[in-house]
Amino acid sequence: MKAETGYEATLGGWDFLGRLKPQGVTLFATGLSLFLLLLIGLPVAMVILMSLRTGFPGESVPFTLQNFAEVYLTPRTYEILLNTLIFTVSSVAVTLLIAVPLVWILMRTDVPFKKTIYVLLTVGILIPVFLRTIAWILLLSPRIGLVNRWLQQWFDLAGPPLNLYSLPGMAFVQGVSFVPGAFFMLAAAYRSMDPSLEEAAYTSGVGKLRTFLKINIPITLPAIAAVMVYLFMTGIAVFEVPAIIGLPARILVLSSLIYTATTPSTGLPDYGVAGAYGAIMLVLGLVLAFLYVRLVKQGKKYTVITGRGYRPREIALGRWKWAALAFVFFYLSIEVFIPFVVLLWASLLPYLQLPSAEALSSLTLKHYIDIPSHVGARPFVNTLILMFTVPTVTMVLSVLVSWIVIRTQVSFRGFLDTLAFIPHAVPGILMAVGLAYLGLAYRNYFPLYGTIFIIVVAHTINWIAYGTRTTNSVMIQVHRELEEAGRVSGASAPRVLGKIVLPLIAAGVMNSWIWIGMLSYREVTMSLTLLTRNNVVVSTVVWQFWGSGWVPQVSALGVILILFAVIVVGTVRFALSRIGEIGAAS
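These lines cover the structure that appears in this document, whether it is placed above or below. (Residues numbered from 1 in each chain as written. Predicted model: local features only at pLDDT ≥ 70, side-chain atom pairs only at ≥ 80, totals over all residues. Heavy atoms only, no water.)

Turning next to the layout of surface pockets. A volume near 570 Å³ is recorded for the second largest pocket. Lining the second largest pocket are 19 residues, and of these A243, I244, P248, W546 and G547 lie nearest its centre. Those elements giving two or more residues to the lining of the second largest pocket turn out to be α12 (240–246), α13 (254–262) and α27 (538–547). Examining the composition of the lining of the second largest pocket, we find that three residues originate from one element, α27, more than from any other. Considered class by class, the residues forming the lining of the second largest pocket number twelve nonpolar, six polar and one charged. (1 Å grid on protein atoms, 1.4 Å probe; cavity = no way out; pocket = protein on both sides within 12 Å on 5 of 7 lines; lining within 4 Å. Points joined across faces, edges and corners; volume = space filled by probe spheres on them. Helix = DSSP H or I, 4+ residues; strand = E, 2+ residues; numbered from the N terminus. Nonpolar A, V, L, I, M, F, W, Y, C, P; charged D, E, K, R; others polar.)

Next up, the structure:
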């Protein structure tokens, strides 16, 4: 009763706001826009500001173009830009070579074990990229890689035949990690494809492979192009693979250069140069985001679903079924099984060694038992704060933005929607560098530097674009008749939002809440850029262990991270499905 009374009191407060409408809604939208403008605009403004200044944050120095001259008149900058381009294009190529056949097999054919494959694809997303990268180093490093040592022993080779520390090696690991995201982005386009086009090809005697190349790919080309641009935008900004594989081999890309400029191993940070490099990334991100939005809009011209005679059907693969299944499990092996098994193996040994009777006799759980003494409680507490605070704040802001954009007639709602999408175009590392500069230069007005809450702010900004896209899509599905019925009954707009709209979109909001919580749990780039002694999280502890050469400890912590993520997501999904079944039954 007390909870109900409190809820009614809250709604009563919302009614007060509702009585101010339409001026009240406009005022609220204005306040929310100003808040987001500050939240998103300040870090970006700091990147521009620090690119025009020299010295340390907070120092009173005149504006200058010295940083731009130092960056853009140096041939090394263009070598790094070329590295970035090769790495990004190669990563996208690896992703599409796997993702396009994979999505066709799972969406258009009768390949068996689809539910199991979907679950394993989700598990692949939950494995942090830096852990997968470490696992591949344990396999393919020229010095310690198990595969290289095995090949040298068996074929009596003088040197290691494989070298992961190269641009192709970086592109392979990054490209494989992009596949689940590309798969889920392309799945809708392939699922909704009209089968009559394929059937016409088969009736004419065209084979399945030629139909795939001549019918399926051209029809979905706008969706593939949009995914390419999205991945290109992401590939320029990624940091984990370039840092773990590229930095030891002195293969620099833009993101690793920005990180080393602000967090040098020796000497003092150079925020001005980092800002000048960040300007390139910022411009590229905004241009690619604009191109992505245009491509998504253009994609509507290629609509193949009509309301007349549309019947999605699966294609019978016949004897090719097992070949398709082998391709799917080959991908799952390099994405999920091999990285996890390698980490598990390394975590149980005193030092990394090939499988043998001697190695099996030395298996131990010591590294798991010692984790609390090595790590302490603070990283786990900080990680839990991130997992609950970031998705909660992000989803509250997302629901409010989507409510104004989708359900009101506020004149500047398009601006608000664009504002919420901008963080998608700004790389996370750049946003974190901007926040670090803001915290250092204006610590009296922004006293968050060095606390876990500056990482909360960085993560919230980074994922508000994702949050608003999902709440936009679920809110648009709620028919306006329901809200109109509420208003006719005398309820205010905020009360309609709380009593009608929110319960109807609760499942979508909860799904996004879980997903953003897990993204925050596995994120390392922004956490590392904003790292101090007091805001250490579990992902940055793994990074520090790896930097110290603690391979068994890194592996043990990595296995725990993966299992925890799988158990949490599996439990929540099961609980939600049970709630849905009970609701449907009642």
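From this point, things continue past the structure.
Further remarks concern the pattern of salt bridges. In total, this model carries three salt bridges according to the counting rule given. The shortest N-O distance in the salt bridge between R132 and E335 comes to 3.0 Å. Here R132 is found in helix α6 (residues 129–140), whereas its partner E335 is found in helix α15 (residues 321–347), with 203 residues between them in sequence. Residue E335 is classed as buried on the basis of its relative accessible area, which comes to 1%. Here D370 makes a salt bridge to K366, at a shortest N to O gap of 2.9 Å. (Salt bridge = Lys/Arg side-chain N within 4 Å of Asp/Glu carboxyl O. Buried < 20%, exposed > 50% of the residue type's maximum accessible area, 1.4 Å probe, protein only.)

Tracing the chain through its elements places L126 in helix α5 (residues 114–126). According to the relative accessible area criterion, L126 is buried, its value standing at 5%. Expressed as a C-alpha distance, the spacing of L126 and I562, which sit 436 residues apart in the sequence, is 7.0 Å. Excluding anything up to four places from it in sequence, L126 contacts W515, M518, R522, A565, V566 and V569. (Contact = heavy atoms within 4.5 Å.)

Our focus in this paragraph is unusual backbone geometry. A negative phi angle is the norm for most residues apart from glycine, just as the trans form is the norm for most peptide bonds. Of note, the phi angle at D156 is positive, near 50°, even though the residue is not glycine. Counting through the fold element by element, D156 comes out in the loop between α7 (146–155) and α8 (167–191). Notably, R250 is not glycine yet its phi reads approximately 60°, a positive angle. Its place among the elements puts R250 in the loop between α12 and α13. Judged by its relative accessible area of 77%, R250 falls in the exposed class.

Using the criterion set out here, one finds eleven aromatic pairs in the structure. Taken together, a centroid distance of 5.8 Å and an interplanar angle of 65° make the contact between Y271 and Y437 edge-to-face. Remark: Y437 occurs in helix α21 (residues 428–441) and Y271 occurs in helix α14 (residues 271–298); sequence separation between them is 166 residues. Like Y437, Y271 is buried. Ring pairs connect the aromatic residues Y118, F183 and F184, which therefore count as one cluster. (Phe/Tyr/Trp six-rings, centres within 6.5 Å; stacked < 30°, edge-to-face > 60°.)

What follows covers the nonpolar core. Ranked by internal contacts, the top residues of the largest apolar core, which has 184 residues, are L36, L138, Y331 and L435. Here this core gets 13 residues from one element, more than from any other, and that element is helix α4 (residues 75–108). Here L138 is in contact with I144, G145, L146, V342, L343, A346, L352, W546, V551 and S555, once residues within four sequence places are set aside. (Core = buried A, V, L, I, M, F, W, Y, C linked by side-chain atoms within 4.5 Å.)

Over the atoms rolls a probe the size of a water molecule, and its path tells where empty space is left. Throughout the structure, instances matching the rule amount to one cavity of 30 Å³ or more. By volume, the largest cavity is sized at about 30 Å³. Taken together, M233, I236, A237, M281, L284, G285, L288 and P427 make up the full set of residues lining the largest cavity. Where the lining of the largest cavity is concerned, the elements lending two or more residues are α11 (221–237) and α14. Of the residues forming the lining of the largest cavity, the biggest block, four residues, is contributed by α14. Looking at the lining of the largest cavity residue by residue, the class counts come to seven nonpolar, one polar and no charged.

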